[in-house]
Amino acid sequence: MTTIIDGNAVAEEIRSGLTDAIDALEDAGVKPGLATVLMSDDPASQTYVSMKQRDCEEVGIEAFDYELDPDTPADELYSLVDDLNADDDVHGILVQMPVPDHVDDRTVLRRIDPAKDVDGFHPENVGRLVAGDARFKPCTPHGVQKLLASVDVETEGADVVVVGRSDIVGKPMANLLIQKADDGNATVTVCHSRTKDLAAKTREADIVVAAVGVPELITGDMLSEDTVVIDVGVNRVDADNEKGYKLVGDVEFDSAKEKASAITPVPGGVGPMTRAMLLWNTVKAAAEAEGVDVDLP
Ligand code: GUN
């Protein structure tokens, strides 16, 4: 029997596990605050940001919502980030990626105060993660670790194939999994568009994490029996329905399910966890900034 890993349920556990920490902050007179900055007309980005804001409100985090027209000069975005860095009510700052071409994403990410960088994308935080001293684990890979733990999948000694080498998912995922830690200690192979024989690699894996942004790239015949499959992909493909599209992952779910011992669906797998771990990082940022001791789930 294949376990379908329920990301919504695990995310709900994380959210309710944050309640004690949020209450402890409230007792200390602190309301955690997250600023989201959206500079895009992309409907998917707009949806992600509004879901993040709704999540915040539901758990008792103040959401500060900034929308900039995509034609806004880059300097205006940088000075908004400067203002948010200086604002004591804002504990976390998230600039939704991608930003328009005239904005240099590296410059924006470096501008964010590393102590407020709840995405974990600032080079200081990337360096700390690689050095085994993470301040903020990037939300998606951290969520993947929580999902694996939720179904008692041990990463220690496991052969993990990460498909994709993005700064947001693939690289931090690989770095987290090789750490000397209970949710690390894996042997990790990172595959990407230049990998010679992807199927040969994925067939060797105990765990496959697909984060490459290619709809249904990983099919059942590329997996061995009893592989654990984590699908990070969220791809809109044309469909004959009211919306005109449907969401599919980077894994062809139906064929992969036949081989997998456990698999995440799309939607309802990794996506809700990314959002839950953003709340987690925001609460951590608030607790550290305000010097309040909290227990995190
Ligand atoms: N775009 C896609 N995923 C993410 C994310 O996790 N954080 C930000 N800031 N932008 C994204």
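Residues numbered from 1 in each chain as written. Predicted model: local features only at pLDDT ≥ 70, side-chain atom pairs only at ≥ 80, totals over all residues. Heavy atoms only, no water.

Tallied over the entire structure, the rule returns zero aromatic pairs. Over the face of the ring belonging to Tyr245 we find Arg236, whose NZ or CZ atom lies 4.1 Å from the ring centre. (Phe/Tyr/Trp six-rings, centres within 6.5 Å; stacked < 30°, edge-to-face > 60°. Lys NZ or Arg CZ within 6 Å of the ring centre and 35° of its normal.)

Quick look at the side chain of Thr72 now. Note that Thr72 resides in the loop between strand 3 (62-67) and helix 4 (74-86). Beyond its immediate chain neighbours, meaning those up to four positions away, Thr72 contacts Met39 and His102. (Helix = DSSP H or I, 4+ residues; strand = E, 2+ residues; numbered from the N terminus. Contact = heavy atoms within 4.5 Å.)

Following the UniProt record, the feature "binding site: NADP(+)" (unreviewed entry) maps to Gly164, Arg165, Ser166 and Val234 here. Residues from the annotated list that form part of the lining of the largest pocket: Ser166 and Val234. One can find Gly164 in the loop between strand 5 (159-163) and helix 8 (170-177). Once residues within four sequence positions are removed from consideration, Gly164 is found in contact with Gly170, Val190, Cys191, Ala211 and Val212. Looking at the secondary structure, you find Ser166 in the loop between strand 5 and helix 8. Those residues in contact with Ser166 that lie beyond four places of it in its chain are Lys171 and Pro172. (UniProt positions renumbered as here; feature names shortened; annotations may be inferred. 1 Å grid on protein atoms, 1.4 Å probe; cavity = no way out; pocket = protein on both sides within 12 Å on 5 of 7 lines; lining within 4 Å.)

Moving on, we get to the sheet that holds strand 11 (residues 260-263). One open sheet accounts for six strands, arranged 1-11-8-7-5-6; its pairing is parallel. For this open sheet the edge positions go to strand 1 (3-4) and strand 6 (187-191), each flanked by a neighbour on one side alone. Pairing geometry for strand 8 (residues 227-231) and strand 11, over three bridges, is parallel. Within strand 11, the position partnered with Val229 by the bridge is Ile263. (Pairing = 2+ DSSP bridges.)

For the rest of this paragraph, the subject is the packing of helix 7 (residues 139-150) against helix 8. Each packed pair of helices is defined by two parameters, the angle between the axes and the distance between the axes. Taken N-terminus to C-terminus, the directions of helix 7 and helix 8 make an angle of 45°; their axes are 8 Å apart at the nearest point. Viewed along their axes, helix 7 and helix 8 adopt a mutual orientation that is oblique. The interaxial crossing formed by helix 7 with helix 8 has right-handed handedness. Each of Pro141, His142, Val144 and Gln145 in helix 7 lies in contact with helix 8, whose residues at this interface are Pro172, Met173 and Leu176. (Axes fitted to C-alpha atoms, helices over the stretch in contact; angles between N-to-C directions. Parallel < 35°, antiparallel > 145°, perpendicular 65-115°, else oblique. Left-handed = near helix turned anticlockwise from the far one by under 90°.)

Another point: the layout of surface pockets. Taken as a whole, the largest pocket spans an internal volume of roughly 1,300 Å³. Along its surface, the largest pocket is lined by 46 residues, and Tyr48, Gln96, Thr140, Val232 and Val234 are the ones closest to its centre. Those elements giving two or more residues to the lining of the largest pocket turn out to be helix 3 (43-59), strand 4 (92-95), helix 7, strand 9 (235-238), strand 10 (245-248) and helix 11 (270-290). Tallied by class, residues from the lining of the largest pocket come to 24 nonpolar, 13 polar and nine charged. In this model, the second largest pocket occupies a volume close to 410 Å³. Lining the second largest pocket are 17 residues, with Arg106, Leu109, Phe121, Val126 and Asp167 positioned closest to its centre. Only helix 5 (105-111), helix 6 (123-130) and helix 8 provide two or more residues apiece to the lining of the second largest pocket. Partitioned by chemical class, the residues of the lining of the second largest pocket number 10 nonpolar, two polar and five charged. (Points joined across faces, edges and corners; volume = space filled by probe spheres on them. Nonpolar A, V, L, I, M, F, W, Y, C, P; charged D, E, K, R; others polar.)

Moving on, we get to the sheet that holds strand 3. The three strands lie next to each other as 3-2-4, forming an open sheet whose pairing is parallel. Each end of this open sheet is capped by a strand with a single partner; those strands are strand 3 and strand 4. The average angle at which neighbouring strand axes cross in this sheet is 15°, direction not considered. Judged from the six bridges that link them, strand 2 (residues 33-38) and strand 3 form a sheet pairing that is parallel.

Around the ligand sit Leu94, Val95, Gln96, Met97, Asp119 and Phe121, and those are all the residues in its vicinity. With respect to the ligand, the backbone of Val95 contributes an N or O atom lying 2.8 Å from a nitrogen atom. In this structure, a nitrogen atom belonging to the ligand sits 3.3 Å away from a side-chain N or O atom of Gln96. When isolated, the ligand has an accessible area of 280 Å², and the protein chains bury 82% of it. Class assignment for the residues of the shell around the ligand results in four nonpolar, one polar and one charged. (Near = heavy atom within 4 Å. Polar contact = N/O pair within 3.5 Å; in protein donor to acceptor, adjacent residues only side chain to side chain. Areas by Shrake-Rupley, 256 points an atom, 1.4 Å probe, with all protein chains shown as cover.)

All told, the structure shown has 10 salt bridges when counted by the stated rule. One salt bridge in this structure joins Arg15 and Glu12, with 2.9 Å as the shortest N-O distance. A residue pair is termed a helical-turn pair when its members lie 3 or 4 positions apart in one helix, as Arg15 and Glu12 do in helix 1 (residues 7-17) at three residues. Looking at Arg15, the relative accessible area reads 15%, which means it is buried. The closest approach of N and O atoms between Arg128 and Asp133, which form a salt bridge, is 3.6 Å. For Asp133, a relative accessible area of 44% translates into the label partly exposed. (Salt bridge = Lys/Arg side-chain N within 4 Å of Asp/Glu carboxyl O. Buried < 20%, exposed > 50% of the residue type's maximum accessible area, 1.4 Å probe, protein only.)

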